[in-house]
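Structural description and commentary
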Amino acid sequence: MMKRLIVLLLILLAFAIPFFVTSRFYLHILIMCCIWGMAATSMNLIMGYTGQVNLAHGAFFGIGAYSAGLLILKLGLNFWPALILACAITAAFGFFIGILALRTKGSYFAIGTMCFNVIVTVIIDSWEELTEGARGLLGIPRPAPIPLLFGGQIAFTSMPSYYYLVLISLLLTLLVIYRIVHSMMGRSFMAIRGNEELAESIGIHSMRTKLLSFLISTVFAGLAGVLYASYIGFLSPEISDYHITFEFLIFCMIGGLGTLGGPLIGAFLLTVVSELLHGVAVPRLVAYGFLLVITIIFLRGGIVGGAQMLWLKVSGRGER
Amino acid sequence: MSLFIQQVLNGIMLGSVYSLVALGLTLEYGILHIPNFTHGALYMAGAYATFLLATSAGLNFWVAMVISMMALALIGIVMERLVYRPLMLESPLSSFIAAIGMIFIFVDGALYLFGPDFKRFPPVHTQVVQVLGTTITLQRIIIILVTVTLIVLLHLFIKKTLVGATIEATAQDMEGARLMGINVKRVRMMVFALGTALAAAAASLIAPIHLVHPGMGGPVILKAFVIIILGGMGSIPGAIIGGFLLGLVESLSGGYISTAYHEVFSFGVLVTVLAIRPTGLFGGK
């Protein structure tokens, strides 16, 4: 009950923010937080809940972004059909890559998916007739306005309106993942994370289940990519690079892998800190590296896991 | 014909570098089961160490290379002690993620300290040699010779010395080795020292031909993983043969087909093999 109230309050607060934050810079940071939060949350499904370290997640983010950009710029599609098609294209890639890569386990899966990530980036970089290569895709428009019943319309040209768009998408992602995790499907994901052979022995089809989790997570990575493409308006091959994957991984690890809020908290915290430190001569990624190593050695559960442990200790429920 | 021989020689040279990197990685992955992704970053660090010692300190190239190998061996030991030992009992994936963190530290640290620009080595051995009708610089021949020497030395070290025997025993059965009174922790540190020193040697050898820059380790480490997965984890002959094969394939396909997609090609091979045999070509279980 208490938990629900806090979540509700947080959502209300998130919706109220544009009424008292008018600075474009702060709204920009919030929009980026939501986009990275979506990407990290979707990575959490396959990595945190299903236990498969998918290092091709940045590639799916890039595939979603590039599909939307190309559909809009080269085929002249409206934003909304392009969004749905781009998610479908990402899912199709996810299906083929998943079928191949999910046959492997553990570190082999991590290395295999990472090779896929490199392949995707090299193809985007080299196929200049389609993707413009290193020059990048320029001038991806903001979403088309949605006409309302009585003559008005919802436009997405202003910062607050785009903020609402990404916020709603983020909440939708969280809701879907929450529902999945608390369903039979989520339990079978977690069973595979715990012990794949044991899960199979109680009748869970491990390949099908892993593929499902992989697919859902790629679709949301694609969605985050589409929103990124239309917000920034410019795409270059780096957006599908494995460094992007690593950043998602860091968001998940720092926040807390396998918890619903963890990746979101990690993404928000690190995005805010790094955007505020923009221009300060701090080697940001070096700090990320230290954070990641320290987290994996000392605080496996990340921020959320650490907070839970602390709460158990304080309330004395830890010792039985 | 002259182009063909040129490409083959180039391939052997590239292959020697890949073999050295893959050898270090196969020791770490095959023996200790640590997917040490940082290996590529240490390769880069080795190139920078040699470069700085040879240019700023003005040392002889070979002296610089030996000091760089020793320095990197030390870094390897420290890394094992501080990062990988606490994760010894965890799943290899924890080590993998820690390795990604250390890539950030090394690569972006180098970017911060030395800048993103490519560093050019002062030419070392530029004399030209005639081989089978084509001309080739002496440096390329030296790379191949030094690699062969290092591989032979490594082989002798593992097969003929008592210390080497402890490494082999640990590779076969870590628990059994511990029961026989072998200090497994010391073996772990030694394997890391050897592996990173080999990576530093490889990077130093190729640095006068290719350029030195912070991102130079990325493609190399992925290729080394390709080699050890195809050649079998922990298999030293597999790493050597795989390294030379990949070097030849790359240089021949680059010479006759196209260079833009050669990474797609080598990773495509890996992905295909993994899809058909999920534990690698020579993987047992």
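Residues numbered from 1 in each chain as written. Chains lettered and ligands numbered in written order. Predicted model: local features only at pLDDT ≥ 70, side-chain atom pairs only at ≥ 80, totals over all residues.

On a plain count of helices and strands, chain B comes out with 11 helices and 2 strands. Secondary structure elements of chain B, listed N to C terminal, follow the sequence α-α-α-α-β-β-α-α-α-α-α-α-α. Taken along the three principal axes of its C-alpha coordinates, chain B extends 55 × 45 × 40 Å. Counting across all 285 residues of chain B, residues that qualify as buried make up 48%. A sequence separation of at least 24 residues applies to 76% of the contacts in chain B between residues at least 6 apart. (Helix = DSSP H or I, 4+ residues; strand = E, 2+ residues; numbered from the N terminus. Buried ≥ 20, exposed ≤ 12 C-beta atoms within 10 Å, placed from the backbone. Contact = placed C-beta atoms within 7 Å.)

Secondary structure assignment for chain A yields 14 helices and 4 strands. For chain A, the spread of C-alpha atoms along the three principal axes comes to 60 × 50 × 45 Å. Expressed as a percentage of its 320 residues, the buried residues of chain A come to 48%. Put simply, 75% of the contacts in chain A that link residues at least 6 apart link residues at least 24 apart.

All names here are of chain A. Running from amino to carboxyl end, helix α2 (residues 24-49) crosses helix α7 (residues 159-181) at an angle of 20°, the nearest separation of the two axes being 9 Å. If you check the angle between α2 and α7, you find them roughly parallel. The crossing of α2 and α7 is left-handed. When α2 is examined against α7, the residues Arg24, Leu27, Leu30, Ile31, Cys34, Ile35, Gly37, Met38, Thr41, Ser42, Leu45 and Tyr49 are found in contact with a partner set consisting of Met159, Pro160, Tyr162, Tyr163, Val166, Leu167, Ser169, Leu170, Thr173, Leu174, Ile177 and Val181. (Axes fitted to C-alpha atoms, helices over the stretch in contact; angles between N-to-C directions. Parallel < 35°, antiparallel > 145°, perpendicular 65-115°, else oblique. Left-handed = near helix turned anticlockwise from the far one by under 90°.)

With 32 residues of chain B at the interface, the matching set in chain A holds 31 residues. Where the side of chain B that touches chain A is concerned, the elements lending two or more residues are α4 (92-114), α9 (217-231) and α11 (262-276) of chain B. Element by element, the count of residues in the side of chain B that touches chain A is highest for α4(B), at 14 residues.

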